[in-house]
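Structure assessment
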Amino acid sequence: MKALISNDDGITASGILASKMAVEEICETYVIAPETQQSGIGHALTLYEPLRVNEHTLKDGSKGYGVTGTPTDAVTLALFEIMDERPDIMISGINTGFNIGKAELTTSGTLGAAIEAASFGIPTIAISQEVTRDDIKFENGENQVDFDFAGKMLNKLAKIVLKKGLPEGIDLLNVNVPANPSDDKFEIANLSERMYIPDIDKRLDPRGKPYYWIGGIPYDSHAPGSDGHTLSELNRTTITPINIDLTGDMKKFKDYLEI
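This next bit is on the overall build of the protein chain. Regarding its fold elements, the protein chain presents 7 helices and 13 strands. In terms of C-alpha radius of gyration, the protein chain reaches 19 Å, essentially the compact-globule figure of 18 Å for 259 residues. Classification of the 259 residues of the protein chain by burial places 43% in the buried group. Sequence-distant contacts, at least 24 apart, represent 75% of the contacts inside the protein chain between residues at least 6 apart. Of the roughly 14500 Å² of accessible surface on the protein chain, a fraction of 51% belongs to carbon and sulfur atoms. Of the charged side chains in the protein chain, 24 are positive and 39 negative, and the gap between their average positions amounts to 1 Å.

Here's what the structure looks like:
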């Protein structure tokens, strides 16, 4: 069994090493990820600049590859250049911070990498973990997060996916782990409406010209049964099956056009 592991936080992120360690007992692992932080880049593909692949020694002494591009670039090069065989599973993450809600899912680089692998029929897991300020520790000048629990949940789910594959009509699984889980079970949840409400910070440069930072205020009106509600109110790990076919309801649309 072979596992491709990628992310959007970069090849040196502690979450990607946690993913590797979570499944290396059951898979031969290939860690191939963006060279740098690519959060919020979505499913972008680099078409007008060359890409380079740099070999890295990960903190456990194993080898990984950093791609000078987006998460989608990393997965594309992994599948069609670096790996000799198609992987049996693809894992994107463990991401630092949630990836929930309909509105933000397509802007997530974590999901961008996952969608690219899933589009080729590879069973895929995107996994993210809630992180609070108290969870972040600094070690040798770098942020370190404890992903032990998320790693255990990933191991459990990866074993199921490797044994059974994914059901027809489900392309990938979006998993979110709370900072303080109430138990070690998965709760199947719908996508929330949003993760954030956009918040624009307007500032002036030294010459008086405006510039902007796009931020977000956490969305707190999550419906019961959604990933946001399950995480915030129940502190349970959510799992949402995702279908990347974006086609809408054809019958309703035909009725709308009176065809």
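What follows concerns the packing of aromatic side chains. Here the structure, examined in full by the defined rule, presents 2 aromatic pairs. Both rings, one in Phe80 and one in Phe120, keep their centres 5.2 Å apart while their planes meet at 70°; by these two values the pair is edge-to-face. Placement of the pair is Phe80 in helix 2 (residues 71–82) and Phe120 in the loop between helix 4 (109–118) and strand 6 (124–129), with a sequence separation of 40 residues. With centroids separated by 5.7 Å and ring planes inclined at 25°, the aromatic side chains of Phe253 and Tyr256 adopt a geometry described as stacked. A residue pair is termed a helical-turn pair when its members lie 3 or 4 positions apart in one helix, as Phe253 and Tyr256 do in helix 7 (residues 250–257) at 3 residues. We classify Phe253 as partly exposed; its relative accessible area is 47%.

Another aspect to go through is helix 5 (residues 148–164). Taking 1.5 Å per residue as the helical rise, helix 5 with its 17 residues ought to reach 24 Å, and the 25 Å between its terminal C-alpha atoms agrees with that figure. Considered for burial, the residues of helix 5 that qualify are Ala150, Gly151, Met153, Leu154, Asn155, Leu157, Ala158, Val161 and Leu162.

Right, let's get into the side chain of Thr70. Along the chain, Thr70 falls in the loop between strand 4 (63–67) and helix 2. Among the polar contacts listed, one links the side chain of Thr70 to the backbone oxygen of Ala44, at a separation of 2.7 Å. Aside from chain neighbours lying at most four places away, what touches Thr70 is Pro34, Gln38, Ile41, Ala44, Leu45 and Thr46.

A few words now on the pattern of salt bridges. Across all of its chains, the model carries 11 salt bridges by this definition. Glu85 serves as the salt-bridge partner of Lys2, at 3.8 Å between the closest nitrogen and oxygen. One end of the pair, Lys2, is in strand 1 (residues 2–6); the other, Glu85, is in the loop between helix 2 and strand 5 (89–96), and 83 residues separate them in sequence. In this structure, Arg236 and Asp183 form a salt bridge, with 3.1 Å as the shortest nitrogen-oxygen distance. Of this pair, Arg236 sits in the loop between helix 6 (227–234) and strand 13 (237–242) while Asp183 sits in the loop between strand 9 (172–177) and strand 10 (186–188), and the two are 53 residues apart along the sequence. What makes Arg236 buried here is its relative accessible area of 18%. What emerges from the salt-bridge pattern is a single network uniting Lys2, Glu28 and Glu85.

With 5 of its 5 residues buried, strand 1 lies for the most part within the structure. Sheet topology places strand 1 next to strand 2 (residues 28–34); 4 bridges connect them, and they run parallel. Residue Ile5 lies in a different strand from strand 2, and its bridge partner there is Val31. As judged from the 4 bridges shared by strand 1 and strand 5, these two strands associate in the parallel manner. In the sheet register, Ala3 faces strand 5, and the bridge partner there is Ile89.

Checked against the element boundaries, Asp171 lands in the loop between helix 5 and strand 9. Linking Asp171 and Gly93, residues 78 residues apart in sequence, is a C-alpha distance of 17 Å. Excluding anything up to four places from it in sequence, Asp171 contacts Ala118, Ile122, Thr124, Leu166, Ile242, Asn243, Ile244 and Asp245. Among the polar contacts listed, one links the side chain of Asp171 to the backbone nitrogen of Ile244, at a separation of 2.8 Å.

Adjacent strands of a sheet pair through backbone hydrogen bonds, lying either parallel or antiparallel. As summarised here, the arrangement of the 9 strands in space is 3-4-2-1-5-6-9-13-10, forming an open sheet in which the pairing is mixed. Each having just a single partner strand, strand 3 (53–57) and strand 10 make up the two edges of the open sheet. The mean inter-strand angle of the sheet, taken between neighbouring strand axes irrespective of direction, is 25°. Pairing of strand 9 with strand 13, which is carried by 5 bridges, proceeds in the antiparallel orientation. Residue pairing across strands places Asn176 opposite Thr238, the latter belonging to strand 13. Against the sheet, helix 1 (residues 14–23) contacts strand 1, strand 2, strand 5 and strand 6, and its axis sits at roughly 135° relative to strand 5.

What counts and how
- Residues numbered from 1 in each chain as written.
- Predicted model: local features only at pLDDT ≥ 70, side-chain atom pairs only at ≥ 80, totals over all residues.
- Heavy atoms only, no water.
- Helix = DSSP H or I, 4+ residues; strand = E, 2+ residues; numbered from the N terminus.
- Rg over C-alpha atoms; globule rule 2.2 N^0.38 Å.
- Buried < 20%, exposed > 50% of the residue type's maximum accessible area, 1.4 Å probe, protein only.
- Contact = heavy atoms within 4.5 Å.
- Areas by Shrake-Rupley, 256 points an atom, 1.4 Å probe, with all protein chains shown as cover.
- Lys, Arg positive; Asp, Glu negative; His and termini not counted.
- Charge placed at Lys NZ, Arg CZ, Asp CG, Glu CD.
- Phe/Tyr/Trp six-rings, centres within 6.5 Å; stacked < 30°, edge-to-face > 60°.
- Expected span 1.5 Å × (residues − 1).
- Polar contact = N/O pair within 3.5 Å; in protein donor to acceptor, adjacent residues only side chain to side chain.
- Salt bridge = Lys/Arg side-chain N within 4 Å of Asp/Glu carboxyl O.
- Pairing = 2+ DSSP bridges.
- Axes fitted to C-alpha atoms, helices over the stretch in contact; angles between N-to-C directions.

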